[in-house]
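As a plain string of letters, each chain reads:
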Amino acid sequence: MDVNAAVAAVAAIAGVLTGVIAMLAFRWSEREQKRPTRTSLHTDPVLPPGVDTVLSVLRSSAVVLDEADGVVKASSAAYALGLVRGGKLAVEPMLQMARDTRRDGEIRQVELDLPRRGTGRGEALAVSARVAPLGSRLVLLLVEDLTEARRIEAVRRDFVANVSHELKTPVGALSLLSEAVMDASDDPEAVERFAGRMQIEATRLTSLVQELIDLSRVQNDDPLEDAEPVRVDELVAEAVDRCRHQAGTKQITMAAGGTADLHVWGNRGQLAAALGNLVENAVNYSPARTRVGIAARRVNAPGGEHIEIAVTDQGIGISDKDKERIFERFYRVDPARSRATGGTGLGLAIVKHVAASHGGEVTVWSAEGQGSTFTLRLPEAGAARDRAHQQPAREIRAGGAGLDEEAGRSTPTSTDSTAYETLPAPEVLP
């Protein structure tokens, strides 16, 4: 009995000790879990109250750095610009600014040109960086992207310079011609000749001012406010009629064809001006006794079905270096030829803006000495897809073609017609 009681007492004491030890171990484990570690202090520093909310609504790219130059917080825009990589600030000048500000507490600001990520053309990204202390340990970096603002400013500056030059030319010519008229007042033939030149320069000046007004209008107005379904056949017929006299003078044949009964959605006046500019350029830059073709078709696109209107000529063509700039304001492939034809250098710029404002685009295919094809792509009007059929091309002889007033489209005037749906290259118009 005494032995059994002793064993039981020992077992009870051992159980109590085991429980006490387990409880102490549990308490110690909880304390260790709650204790901040060196890693947690480095990766999860505490931002001042409200800073996180403010940074989330800023338009600027924001980066918060700790005392070890580690990134505590960075906005998505900062990652998109390539400022933060691998948890570190990747731009050395900005990192040096942050260190200087952490040392003396002064706010610093600088403008930098950074390489653009994802492009191999060396294009610079213009940014403005501002660094300020945030509390006692953190530094705040705000970066503003100035690339678009600089581009707009450069375009505005070039535009003013080009307009000044373009307006000065006809105004100066009118001034000289008026002096010549005064000096030749006793010579009727000279007066008549100078007066004719004055009329030409006045017409050029009027055209330039009108195209400046048109360009300003298509840039500032929203064409979709008064949008409506517009028949492509009517746009083509209007463009052909606009250039009929010029084409007849050079004995140029204009041929229209492709898919009939197509509609696009947009402002009729702007669309007619854009297509008219393309056809007018084709006529002006084509040699005599050649052909200009206009063809329309429906194409599938990721955003829905679009209408392509291709204008093809057999003119002088465009070099590769000029293709990148032909849609700039006042840029001319052949300045001497443009002056001879009365071009202002704004026609293709207007086409580009009209296409963009209508949700489309304009592209060019060209080869020097072979001609060019300008393609205007626009969204199709939704109600125009139920009656699509192919129609043979119809040649419109300059000066002798008629328009079907009821149908609103050109009618064939020659049996020498060529059926085509698209005009991928000038060779289709032999």
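Rules used throughout
Residues numbered from 1 in each chain as written. Predicted model: local features only at pLDDT ≥ 70, side-chain atom pairs only at ≥ 80, totals over all residues. Heavy atoms only, no water. Helix = DSSP H or I, 4+ residues; strand = E, 2+ residues; numbered from the N terminus. Buried < 20%, exposed > 50% of the residue type's maximum accessible area, 1.4 Å probe, protein only. Contact = heavy atoms within 4.5 Å. Areas by Shrake-Rupley, 256 points an atom, 1.4 Å probe, with all protein chains shown as cover. Patch = residues over 30% accessible without salt bridge, like charges linked within 9 Å, V, L, I, M, F, W, Y side chains within 5 Å. Salt bridge = Lys/Arg side-chain N within 4 Å of Asp/Glu carboxyl O. Lys, Arg positive; Asp, Glu negative; His and termini not counted. Charge placed at Lys NZ, Arg CZ, Asp CG, Glu CD. Axes fitted to C-alpha atoms, helices over the stretch in contact; angles between N-to-C directions. Parallel < 35°, antiparallel > 145°, perpendicular 65-115°, else oblique. Left-handed = near helix turned anticlockwise from the far one by under 90°. Nonpolar A, V, L, I, M, F, W, Y, C, P; charged D, E, K, R; others polar. Phe/Tyr/Trp six-rings, centres within 6.5 Å; stacked < 30°, edge-to-face > 60°. Lys NZ or Arg CZ within 6 Å of the ring centre and 35° of its normal. Core = buried A, V, L, I, M, F, W, Y, C linked by side-chain atoms within 4.5 Å. Polar contact = N/O pair within 3.5 Å; in protein donor to acceptor, adjacent residues only side chain to side chain. Expected span 1.5 Å × (residues − 1). Pairing = 2+ DSSP bridges.

Engineer: Quick rundown of the overall build of the protein chain? Include the residues and the values.
Structural biologist: What the protein chain contains, in helices and strands, is 13 helices and 17 strands. Evaluated residue by residue, the protein chain yields a buried proportion of 39% over its 430 residues. A fraction of 66% describes how many contacts in the protein chain between residues 6 or more apart in sequence connect residues 24 or more apart. A total of about 24200 Å² of accessible surface is found on the protein chain, and carbon and sulfur atoms cover 54% of it.

Engineer: Describe a negative patch on the surface, and please don't skip the residues or the numbers.
Structural biologist: Residues D186, D187, E189 and E192 make up a contiguous surface patch of negative charge. Along the chain, E192 turns up in helix α7 (residues 188–220). Assessed through its relative accessible area of 62%, E192 is described here as exposed.

Engineer: For unusual backbone geometry, give the residues involved together with the corresponding values.
Structural biologist: Unusually for a residue other than glycine, Q251 sits at a positive phi of about 55 degrees. One can find Q251 in the loop between α9 (244–249) and β9 (253–260).

Engineer: Tell me about the packing of helix α10 (residues 268–284) against helix α13 (residues 347–357), residues and numbers included.
Structural biologist: Here α10 crosses α13 at 140 degrees, and the two axes come no closer than 9 Å. Put simply, α10 runs oblique to α13. Crossing angle aside, the handedness with which α10 passes α13 is left-handed. Across the interface between the two elements, Q270, L271, A274, N277, L278 and N281 of α10 pack against G347, L348, I350, V351, V354 and S357 of α13. The residue inventory of the contact of α10 with α13, partitioned by class, reads seven nonpolar, five polar and no charged.

Engineer: Can you break down α13 residue by residue, with the values?
Structural biologist: Those residues of α13 that sit buried are G347, L348, A349, I350, V351, V354 and A355. Directly beyond the C-terminal end of α13, a positive phi value near 80 degrees is found at G359.

Engineer: Explain the packing of aromatic side chains to me, using residue names and the numbers behind them.
Structural biologist: Summed over all chains, the structure comprises one aromatic pair. Sitting above the plane of the F194 ring, R193 keeps its charged end 5.1 Å from the centroid.

Engineer: Residue-level account of the nonpolar core, with values.
Structural biologist: Core analysis: the largest hydrophobic core is formed by 45 residues, its most contacted members being V232, M254, V264, L275, V279 and V311. Contributions of two or more residues to this core are made by α7, α8 (232–242), β9, α10, β11 (291–299), β12 (306–312), α13 and β14 (371–379). Residue contributions to this core peak at eight residues, all from α10. Ignoring sequence-local partners within four residues, the contact set of V264 consists of E228, P229, V230, V232, L235, L271, I307, L378, P379, E380 and A381. Counting 22 residues, the second largest nonpolar core, distinct from the first, contains A78, L83, A98 and V143.

Engineer: Any chance you could break down the side chain of S366 for me, citing the residues and the numbers?
Structural biologist: Mapping S366 onto the fold places it in strand β13 (residues 361–367). Engagement of the side chain of S366 in a polar contact is seen with the backbone oxygen of G371, the distance being 3.1 Å. Polar side-chain contacts of S366 include one of 2.7 Å to the side chain of S372. The contacts of S366, once residues within four sequence positions are left out, are G317, I318, K323, G371 and S372.

Engineer: Tell me about the packing of α8 against α10, and please be specific about residues and values.
Structural biologist: How two helices pack is summed up by the angle between their axes together with the distance between the axes. As a packed pair, α8 and α10 sit with axes 9 Å apart at the nearest point and diverge in direction by 50 degrees. With respect to α10, the element α8 is oriented oblique. Judged by the twist between their axes, the crossing of α8 over α10 is right-handed. Side by side, α8 and α10 meet where E234, L235, V236, E238, A239 and R242 of the first sit next to R268, L271, A272, A273, L275, G276, N277, V279 and E280 of the second. Along the lines of polarity and charge, the residues of the contact of α8 with α10 split into eight nonpolar, two polar and five charged.

Engineer: Please set out α10 residue by residue, giving values where relevant.
Structural biologist: In this model, α10 (17 residues) spans 24 Å end to end at C-alpha, consistent with the 24 Å of a helix rising 1.5 Å per residue. Counted residue by residue, α10 has 12 buried out of 17 residues, so it is predominantly covered. Every buried residue belonging to α10 is among Q270, L271, A272, A274, L275, G276, N277, L278, V279, A282, V283 and N284, and all of these are buried. Of the residues that open α10, the one with a side-chain oxygen 3.1 Å from the backbone nitrogen of G269 is N267.

Engineer: Explain the sheet that holds strand β2 (residues 71–74) to me, using residue names and the numbers behind them.
Structural biologist: Within a sheet, adjacent strands bond to each other through the backbone by hydrogen bonds, running parallel or antiparallel. If you walk across this open sheet you meet the five strands as β2-β1-β7-β6-β5, and the pairing is antiparallel. Edge positions in the sheet fall to β2 and β5 (108–115), since each of these pairs with one other strand and no more. Between one strand and the next, the sheet's axes are offset by a mean angle of 25 degrees, whatever the strand orientation. Bridge count between β5 and strand β6 (residues 124–134): eight bridges; the pairing is antiparallel.

Engineer: Lay out the environment of E308 in plain terms, naming residues and giving numbers.
Structural biologist: Looking at the secondary structure, you find E308 in strand β12. Along the chain, E308 and E361 lie 53 residues apart, while their C-alpha atoms are 9.7 Å from each other. Here E308 is in contact with A295, A296, R297, V299, T375, L376 and R377, once residues within four sequence places are set aside. A polar contact of 2.4 Å, which involves the side chain of E308, links it to the side chain of R377.

Engineer: Quick one: what's the story with the pattern of salt bridges, residue by residue and with numbers?
Structural biologist: Under the definition given, this model contains 18 salt bridges. Among the salt bridges present, the one from E111 reaches R150, with a minimum N-O distance of 2.9 Å. With E111 in strand β5 and R150 in helix α6 (residues 147–183), the pair connects residues that are 39 residues apart, well separated along the chain. Overall, R150 belongs to the partly exposed group, its relative accessible area being 37%.

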